[in-house]
Amino acid sequence: MTIAVGDKFPDVKLMKAGEAGPEPIQTGDYFAGKKVAFFSVPGAFTPTCSAKHLPGFVDKAEDLKAKGIDEIACTAVNDAFVMGAWGKASGSSEVTMLADGNADLVKAMDLTMDGSGFGMGTRGQRFSMIVNDGVVEQINVEAPGTFEVSSAEYMLGKL
C-alpha cells in the first residue's frame, strides 16, 4: 500500500556522499526529532529535476525554514557519488542529497516507477512530503510526466 499521511516513514538505509566516500544514513535516525521537507526525483541531472525541482527547493530553502522546516532532503534512485556531484553542481548546500541506489525506500513506500522505456530501470516517482519526527504529515505525488504538486512553492502553500 502506498505511504499516506499519518504513516511512519520507512526505516531503510540510504547513502550520502561524504569526505571519505559513501556514508550510510538510517532513515529512522535521520528523521527523528525534526521536521523535514523531503522530495524525490526520478533521476539526478535529468531535465525537469535539474531545471525546476531541485532549484525550487534551493531557492525556497529560507522560506521553508521560516515555516518551521528544520532540514530539506532530496532523494533519487542514483548512487551517492552521483547525488553528491549533482548537489555540488546545483549549489544546493541547503539540501541534503540522499541516495536510494537500490530503490529500497521508494519500494517500501510503494512509490516506484518504471523508467525502462528511457533506459533508467526502476526509479522513484516524483513526489514531496513533510516528515515530522518520522511521521508523514503531507505527501504530494505527481501524476506521470507532470511537475505541479511536488514543487517547493506548492509545499510552501500547504504549510
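Structure shown above.
In this text the structure is predicted, and so the values were computed from the model without any measurement. (Residues numbered from 1 in each chain as written. Predicted model: local features only at pLDDT ≥ 70, side-chain atom pairs only at ≥ 80, totals over all residues. Heavy atoms only, no water.)

1. Section: the overall build of the chain
Basically, it comes down to this: In DSSP terms, a helix is any run of H or I states spanning at least four residues, a strand is any run of E spanning at least two, and both are numbered starting from the N terminus. C-alpha atoms define the radius of gyration, and 2.2 Å times the number of residues to the power 0.38 defines the globule rule. Buried means the residue's accessible area, taken with a 1.4 Å probe over protein chains only, is under 20% of the maximum for its type, while exposed means over 50%, and partly exposed covers the values in between. The criterion used for residue contact is that any of the two residues' heavy atoms lie within 4.5 Å. In this description, accessible areas are obtained by the Shrake-Rupley approach with a 1.4 Å probe, and a residue is regarded as covered only by the protein chains that are shown. Positive: Lys, Arg. Negative: Asp, Glu. His and the chain ends are not part of the count. By convention, the charge on Lys lies at NZ, on Arg at CZ, on Asp at CG and on Glu at CD.
The helix and strand tally for the chain stands at six helices and nine strands. On C-alpha atoms alone, the chain measures out to a radius of gyration of 14 Å, which is about the 15 Å that the 2.2 N^0.38 rule sets for 159 residues. Oriented by its inertia axes, the alpha-carbon framework of the chain measures out at about 40 × 35 × 30 Å. Residues counted as buried form 46% of the 159 residues belonging to the chain. In the chain, the share of contacts with a sequence separation of at least 24, taken over all contacts with a separation of at least 6, comes to 62%. About 7,500 Å² of surface is accessible on the chain, with carbon and sulfur atoms providing 50% of the total. Distance between charge centroids for the chain: 2 Å, based on 14 positive and 21 negative side chains.

2. Let's talk about the side chain of Thr75
Heads up, the rule is: Within 3.5 Å is the distance limit for a polar contact, defined as a pair of N or O atoms, with the added protein rule that one can donate a hydrogen and the other accept it, and that residues adjacent in sequence qualify only through two side-chain atoms.
Here Thr75 shows up in strand S4 (residues 71–76). Among the polar contacts listed, one links the side chain of Thr75 to the backbone oxygen of Leu98, at a separation of 2.7 Å. In contact with Thr75, other than residues within four places in its own chain, are Phe38, Phe39, Ser40, Val41, Met83, Leu98, Ala99, Asp100 and Leu105.

3. Some details on the pattern of salt bridges
Condition: One side-chain nitrogen of Lys or Arg within 4 Å of one carboxyl oxygen of Asp or Glu is enough to make a salt bridge.
Per the stated rule, a full pass over the model turns up three salt bridges. Across the pair Lys34 and Glu71 runs a salt bridge whose closest N-O atoms are separated by 3.2 Å. Here the residue Lys34 occupies a position in the loop between helix H1 (27–30) and strand S3 (35–40), and Glu71 occupies one in strand S4, the gap between them amounting to 37 residues. You can call Glu71 buried: its relative accessible area is 19%. With its nearest N and O atoms 3.7 Å apart, the salt bridge here joins Lys35 to Glu137.

4. Focus on the layout of surface pockets
Here is the rule we go by: With a 1 Å grid spanning the protein atoms alone, the term cavity applies to any set of points in which a 1.4 Å probe fits but cannot get out, the term pocket to an open set with protein on both sides within 12 Å along at least five of seven lines, and the term lining residue to any residue with an atom within 4 Å of a point. Grid points are joined across faces, edges and corners, and a volume is the space filled by probe spheres set on the points. We call Asp, Glu, Lys and Arg charged. Ala, Val, Leu, Ile, Met, Phe, Trp, Tyr, Cys and Pro are nonpolar, and the rest, Gly among them, are polar.
The computed volume of the largest pocket comes to approximately 440 Å³. Along the walls of the largest pocket sit 17 residues, with Pro42, Met113, Arg126, Pro144 and Gly145 positioned nearest its centre. Ranked by residue count, the leading element in the lining of the largest pocket is helix H2 (residues 47–59), at four residues. Class assignment for the residues of the lining of the largest pocket results in nine nonpolar, five polar and three charged. By volume, the second largest pocket is sized at about 300 Å³. Around the second largest pocket, the lining is made up of 15 residues, and of these Lys16, Ala17, Gly84, Lys88 and Met97 lie nearest the centre. Elements that contribute at least two residues to the lining of the second largest pocket include exactly strand S1 (13–18), helix H4 (80–90) and strand S5 (95–99). The dominant element in the lining of the second largest pocket, judged by the number of residues it contributes, is H4, at six residues. Classifying every residue of the lining of the second largest pocket gives six nonpolar, six polar and three charged.

5. A word on unusual backbone geometry
A positive phi angle, close to 65°, is found at Ala103, a residue other than glycine. Within the secondary structure, Ala103 sits in the loop between S5 and helix H5 (104–108). The phi torsion at Asp133 lies on the positive side, around 50°, for a residue other than glycine. Within the secondary structure layout, Asp133 lies in the loop between strand S8 (127–132) and strand S9 (135–141). According to the relative accessible area criterion, Asp133 is partly exposed, its value standing at 48%.

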